[in-house]
Amino acid sequence: RLRWRRLEVGRSNNEGSARATLKRPAAALSGGSARKGRDGVKVKKKGKAAANARASRPPATWKADYPLIQRLRARRDAPVDSVGCERLADPKAKRADFEWQCLVAAMLSSQTKDQANAEVGFHSVKAKNVRAAAEICLALHKGRVPRTIEGLLALPGVGPKMAYLTLHAAFDAQEGICVDTHVHRIANVLRWIRTKTPEETRMALEAWLPKRYWPDFNILMVGLGQQQQQTPQKLVERCLRLKSPAAALRLVANIGVPLRAGRLPALDALAGRDPAVRRLLAARGGGRGREK
């Protein structure tokens, strides 16, 4: 009898728990919020789907800024345009040699100063990594450079930036965006994204940047960053020749180009004619950070 009573009590508790579960709203079961539809049935909100849709669309700031960047970089005369990874490899070399040259150039370019002579930093560590990578390529890939992201990332000293750069330069394969410090910094300063690391920047950009822009994106952005640091006056002069000089000047000021009256006669003359440029010079005074 005692066993039977315990069984009856347990059955009653289970039934009560089941009834309580059935009475819960759909939102409690799914972990999301719920609302009533036109027919009175509760349906889950589409907040997450809407957020994902917004994240997959290019931001308005990028749509305004990127055409200006393309015009400012039209001449392709930054250091990366002549000593970049794909520029250092010999296009007349045998295919296997060309691929290896692209990989080595990418490995040596990491943490290298943006100078025309492409002086290599941390050369002793990089030399060891290049030697180890050669041994792995011989042992596991029949002497060829791996053609996959996974294979490249398995090589010592090769991170996502170098892997995507090598894929594009050696095999003309665009599987991802190569993000270095220039791309990471400029994309955040211009408020296209909000990320803390280059890898986060890569994933954020790939979520909404149309793939037709991927092949040239890195070299355009890196070159812009190099010119902002090394030849800022050249950038200012190019801004003055565009159809929308005020917008271009605002962009280069936002990435760190100092704008001051009295340094460039052409800029002073434009400020005298254009109230927008005059306000920009007055507001910036050489400061940094994106102007609202």
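Starting from 1, residues in each chain are numbered consecutively following that chain's sequence as written. Under the rules for a predicted model, residues below a pLDDT of 70 receive no local features and side-chain atom pairs below 80 are neither given nor counted, while totals for whole chains, interfaces and linings still include all residues. Excluded from the side-chain calculation are hydrogens and water; included are all heavy atoms of the structure.

*Asks:* Would you explain helix α12 (residues 198-208) in this entry?
*Replies:* Count 3.6 residues to each turn of an α-helix, and residues three or four apart come out pointing the same way. Residue burial is assigned from relative accessible area. The probe radius is 1.4 Å, only protein chains are included, and a residue is buried under 20% of its type maximum, exposed over 50%, and partly exposed in between. Helix and strand assignments come from DSSP, with helices taken as H or I runs of at least 4 residues and strands as E runs of at least 2, each series counted from the N terminus. Restricting attention to buried positions, one finds in α12 the residues T201, R202, L205 and W208. One side of α12 carries all its buried residues, which in axial view fall inside an arc of 150 degrees. By construction, the arc corresponds to the directions joining the helix axis to the C-beta atoms.

*Asks:* Just checking my understanding: could you explain the pattern of salt bridges for this structure?
*Replies:* Between side chains of opposite charge, a pair can form when the charged atoms approach closely. By definition here, a salt bridge exists when the distance from a side-chain nitrogen of Lys or Arg to a carboxyl oxygen of Asp or Glu is within 4 Å. Applying the stated criterion across every chain yields a total of eight salt bridges. One salt bridge in this structure joins D77 and K234, with 3.8 Å as the shortest N-O distance. On the criterion of sequence distance, the pair formed by D77 in the loop between α4 (60-72) and α5 (80-83) and K234 in helix α14 (residues 232-241) is long-range, its members being 157 residues apart. Looking at D77, the relative accessible area reads 29%, which means it is partly exposed. Residue classification places K234 among the partly exposed residues on the basis of a relative accessible area of 32%. Between E199 and R202 there is a salt bridge whose closest N-O contact spans 2.5 Å. Of this pair, E199 and R202 both sit in helix α12, three residues apart, roughly one helical turn. A relative accessible area of 30% means that E199 is categorised as partly exposed.

*Asks:* Before we go on, may I ask you to explain the packing of α4 against helix α13 (residues 214-230) in this structure?
*Replies:* To describe two helices that pack against each other, one gives the angle between their axes and the distance between the axes. Between α4 and α13, whose axes approach to 11 Å, the crossing angle comes to 75 degrees. Taken together, the axes of α4 and α13 are roughly perpendicular relative to one another. Contacts between α4 and α13 involve W62, Y66, I69 and Q70 on the former and, on the latter, D216, F217, L220, M221 and L224. Think of it as three bins: nonpolar holds Ala, Val, Leu, Ile, Met, Phe, Trp, Tyr, Cys and Pro, charged holds Asp, Glu, Lys and Arg, and polar takes everything else, Gly as well. Among the residues making up the contact of α4 with α13, the classes are represented as seven nonpolar, one polar and one charged. Whenever a helix is involved, its axis is fitted only over the stretch in contact; in every case the axis is a line through C-alpha atoms, and angles between N-to-C directions fall within 0 to 180 degrees. Angles below 35 degrees are treated as roughly parallel, those above 145 as roughly antiparallel, those between 65 and 115 as roughly perpendicular, and all remaining angles as oblique. Should any heavy atoms of two residues lie within 4.5 Å, those residues are considered in contact.

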